[in-house]
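Inside the fold
So you can see what is in the structure, the chains are spelled out below.
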Amino acid sequence: MDLIIFVQQLINGLVLGSIYGLIAVGYTMVYGIIGMINFAHGEIYMISAYLTAVFLALLATLGIQSVPLVLLLVLLLTTLFTALYGWSIERVAYRPLRSSTRLAPLISAIGMTLVLQNYVRLGQGAKSQGVPPLIEGHFRLFLTGSDQFVQITYIQCLIIVAALLGMSLLTYLMQKTTLGRSCRATQQDRIMAGLLGVNTDRIISTVFVLGSAMAAIAGVLVSLNYGSFDFHIGFVTGIKAFTAAVLGGIGSLPGAMLGGLILGLSESFFSGFVNTDYKDVFAFSILVLVLIFKPSGLLGVPEVEKV
Amino acid sequence: MKSALKESGMTALIAFLLFGPLSGLVLSGYGIEVHGFRPLLMAGLVFVGHLCFTLFARSSLGREWSASVFGRRDGGVTVARGERGHRLLIAGVMLLAFSLPLFLSKYWISVAILALIYVLLALGLNIVVGLAGMLDLGFVAFYAVGAYGYALGFEYLGLGFWAAIPFGALLAALFGAVLGFPVLRMHGDYLAIVTLGFGEIIRLVLNNWGSFTGGPNGVRVPAATFFGLEFSRRAKQGGEPFHQFFNITYSSAHKTIFLYGVLLVVVLLITFFVVRLRRMPLGRAWEALREDEIACRSLGINHVTTKLSAFSMGAMVGGVGGVFFAASQGFVNPSSFTFFESALILAVVVLGGMGSTVGVIVAAIVLTVLPEILRDLASYRVLAFGLAMVLMMIWRPRGLIRPQRPFFPIKGSS
């Protein structure tokens with residue numbers, strides 16, 4: 001095995017895995033709390049990519065030049081607006097179905113996916129859009145005695161740092177604060193938590209907001225990293241992030257990050273050493289195999305069927 | 001009134017914030033164009049709509065209405081009265097369907113073919129989702145298997161149109177059984193995701209395995225023949241073309257009309273089959289499994305074979321749809337079989353009412369023909385489908401037409 005390619009794919013895999021992890025958080029938290037797959041979460045990520053471009057352009061029009069300021073503002077605005085989208089989707093499409101059959105929210109979510117995709121297509125046009133390069137530059141590590149090198153761009157570093165920061169913040173929020181305690185209580189037993197004075201509807205909304213905010217961070221950074229996107233990107237990335245959530249054990253927060261990293265690394269190595277064309281097939285196969293053989297994932301608790 | 005205004009105002013504000021950046025600020029290159037009117041219009045619509053709805057819901061009429069709609073959510077099944085009265089109607093519809101080619105142009109006949117293909121797909125998915133209660137998000141895979149079964153069956157095995165129908169059906173049923181087997185222990189949403197994964201894997205393989213499937217360029221499909229008679233102006237494979245044999249003037253519409261006729265017969269046969277199936281023990285077992293799996297298993301129903309049969313029969317019907325799709329297009333490539341197509345078929349089934357055969361058929365025809373009539377609004381089609389799916393789940397999760405249980409009168413009782 002070529003060492004340079006190995007290290008390069010390791011870095012690419014870590015970056016990809018951080019992104020999957022950030023998006024997977026939204027799936028895992030929502031599944032943990034109301035037991036539904038928020039199929040529209042991938043589209044939330046897509047929307048955040050568009051919002052990034054819109055806000056970047058807006059700030060450029062307003063004449064704000066300083067790169068750290070622009071980055072901070074875009075991150076803040078996109079996160080806020082994406083979170084608003086997450087909140088509204090829950091309010092409109094899922095909350096009225098709380099007492100419905102198990103398939104109803106999933107079908108509603110698929111409907112929402114179609115709505116969001118086509119709303120963006122109609123609003124912003126079908127062609128792919130882009131953002132100007134905001135942060136350029138990279139570190140290069142040279143192999144001693146040769147001109148081969150491993151490259152990591154500043155944005156890639158930023159992605160890994162942001163994923164770590166975001167995840168630790170979220171873990172802190174979930175483990176140490178009153179809000180987090182209410183979330184965990186609602187996750188364990190929604191009715192009991194409600195009886196003990198937790199406003200469960202508000203907690204569920206909060207979970208959607210937090211999940212969307214994490215997806216927004218991923219959306220901003222991915223847009224800055226790759227530079228271009230279209231209204232289709234939500235679907236495949238969403239499925240892969242869901243795979244990551246399932247792999248790590250759906251409902252478990254550290255599981256989402258772990259699953260994201262494993263999926264990102266294995267996908268990266270697969271496309272680096274085996275075949276690029278089949279990398280999506282590889283990811284989907286992981287999804288199918290995990291769901292068939294170990295649906296509770298690596299860190300999850302097996303679901304017990306009660307009569 | 002005041003609180004209603006305030007509430008609607010808040011909703012409109014949120015709507016404005018939501019719509020503002022994505023429809024009001026349109027990206028062009030790295031810059032933006034401002035379309036301030038669009039989000040304002042949408043927020044205004046939301047305000048008016050929300051206000052009307054709130055005021056209506058607060059009036060006494062509205063309270064009665066919402067109680068009647070949301071109150072009896074689970075009592076969605078009515079028992080069918082006999083079917084004698086329907087016979088005349090069914091005969092009328094069949095007569096109309098068979099006489100359509102007499103007064104429709106070739107273009108509209110091909111729209112009708114597409115509508116019938118969607119009827120097949122929806123009937124197939126309805127067996128899996130509506131009757132057996134398994135949400136299959138990868139149904140398009142079986143559609144693809146049918147279509148490619150015809151295309152590749154011709155290329156490698158030399159199968160013609162007539163041989164392709166059973167071949168495509170069996171191949172799809174086989175795929176259904178093979179894919180269905182490992183996923184049967186799963187319930188609800190996990191099953192949905194796994195089938196979605198399978199559907200995507202099949203499409204990606206069709207796309208990437210260029211040496212066998214032709215890859216993204218697709219495969220050409222031979223035209224259908226009438227017992228060996230070709231519909232082209234001159235017979236390419238020797239022999240006489242159709243119009244010479246019957247001594248009529250050549251028209252390119254013959255092929256379309258012929259395909260429509262065959263498809264109509266197949267659709268009628270399959271509809272009959274599905275309707276009868278629901279009354280058989282197998283169909284009843286599907287519906288019982290949908291309602292309560294554990295109870296069924298403790299009553300001795302073999303859940304594996306029951307579910308597997310639903311899965312492969314649904315797949316088979318989808319496969320037949322695929323064969324006709326390939327025959328009508330004359331060409332297949334993987335881009336016709338994306339997840340989006342699965343979602344559309346699901347939308348048809350959901351809007352028709354899961355489990356209702358008549359509802360699903362009507363929905364398939366309406367949802368294919370309507371966008372053709374409203375050409376100008378075609379780009380809003382999918383948006384409307386998605387909205388309708390969400391509203392349907394909130395308002396009437398069991399569909400517009402209430403599903404009816406088969407009913408058997410006992411002789412001697414009144």
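From a predicted model like this one, the values you see are computed outputs, not experimental measurements.

Each value, and the rule that gives it
Residues numbered from 1 in each chain as written. Chains lettered and ligands numbered in written order. Predicted model: local features only at pLDDT ≥ 70, side-chain atom pairs only at ≥ 80, totals over all residues. Helix = DSSP H or I, 4+ residues; strand = E, 2+ residues; numbered from the N terminus. Buried ≥ 20, exposed ≤ 12 C-beta atoms within 10 Å, placed from the backbone. Axes fitted to C-alpha atoms, helices over the stretch in contact; angles between N-to-C directions. Left-handed = near helix turned anticlockwise from the far one by under 90°. Nonpolar A, V, L, I, M, F, W, Y, C, P; charged D, E, K, R; others polar. Core = buried A, V, L, I, M, F, W, Y, C linked by C-beta atoms within 7 Å. Domains from an automatic or database assignment. Contact = placed C-beta atoms within 7 Å. Pairing = 2+ DSSP bridges. pLDDT = per-residue confidence, 0-100. Expected span 1.5 Å × (residues − 1).

Before going further, it helps to spend a moment on the environment of V119 of chain B. Residues and elements named next belong to chain B. With respect to the helices and strands, the residue V119 is situated in helix α5 (residues 106-131). V119 sits in the buried class, given 26 other C-beta atoms within 10 Å. Once the C-alpha coordinates of V119 and L13 are considered, the two residues, 106 residues apart in sequence, prove to be 42 Å apart.

Moving on to the packing of helix α1 (residues 3-34) of chain A against helix α10 (residues 253-273) of chain A. All names here are of chain A. One way to put it is that α1 packs onto α10 with a least axis distance of 6 Å and a crossing angle of 145 degrees. For the pair α1 and α10, the sense of crossing is right-handed. Looking at the contact of α1 with α10, its residues break down into 13 nonpolar, 13 polar and one charged.

All names here are of chain B. Ranked by size, the top nonpolar core spans 211 residues in total, and within it A122 and V348 carry the most contacts. Each of domain 1 (2-67) and domain 2 (90-404) contributes no fewer than three residues to this core. In this structure, A122 is in contact with I345, V348, V349, G352, V360, A363 and A364, ignoring residues within four places of it in sequence.

Turning next to the pairing of strand β2 (residues 31-34) of chain B. Residue and element names in this part refer to chain B. Sheet topology places strand β1 (residues 25-28) next to β2; four bridges connect them, and they run antiparallel. Along β2, the bridge assignment pairs V26 with E33. Between β1 and β2, which pair antiparallel one after the other, the connecting turn spans two residues, and G29 there sits at a positive phi close to 65 degrees.

All names here are of chain B. Predicted confidence across chain B gives a mean pLDDT of 80, with 86% of residues reaching 70 or more. When the elements of chain B are averaged for pLDDT, strand β3 (residues 78-79) gives the smallest value, 52, and helix α14 (residues 303-329) the largest, 90. Model confidence for the complex: the whole-complex pTM is 0.85, and ipTM, which rates the interface, is 0.84.

Further remarks concern the environment of S168 of chain A. All names here are of chain A. Along the chain, S168 turns up in helix α5 (residues 154-176). S168 sits in the exposed class, given 11 other C-beta atoms within 10 Å. Note: C-alpha distance between S168 and L253 (85 residues apart in sequence) is 10 Å.

Across the boundary between the two partners, chain A contributes 51 residues, which contact 45 residues of chain B. Elements supplying a minimum of two residues to the side of chain A that touches chain B: α2 (41-62), α3 (67-94), α4 (103-124), α9 (233-248) and α11 (279-293) of chain A. Broken down by element, the side of chain A that touches chain B gets its largest block of residues, 16 residues, from α4 of chain A. When its residues are assigned to classes, the side of chain A that touches chain B shows 37 nonpolar, 11 polar and three charged.

Time to look at α9 of chain A. Residue pairs spaced three or four apart in an α-helix point in one direction, given the helix's 3.6 residues per turn. Residues and elements named next belong to chain A. The terminal C-alpha atoms of α9, which comprises 16 residues, lie 23 Å apart, in line with the 22 Å expected from a rise of 1.5 Å per residue. Of all 16 residues in α9, 15 are buried, a share of seventy percent or more. G249 lies just past α9 and shows a positive phi near 105 degrees.

With that settled, the discussion passes to the domain arrangement of chain B. Looking at chain B, the domain boundaries give domain 1 (2-67) and domain 2 (90-404). In this structure, domain 1 of chain B and domain 2 of chain B have C-alpha centres spaced 38 Å apart.

Attention now moves to helix α4 (residues 86-103) of chain B. When the terminal C-alpha atoms of α4 of chain B are compared, their 26 Å separation across 18 residues agrees well with the 26 Å that a helix rising 1.5 Å per residue should span. The element α4 of chain B is barely covered by neighbouring structure, given that only one of its 18 residues are classed as buried.

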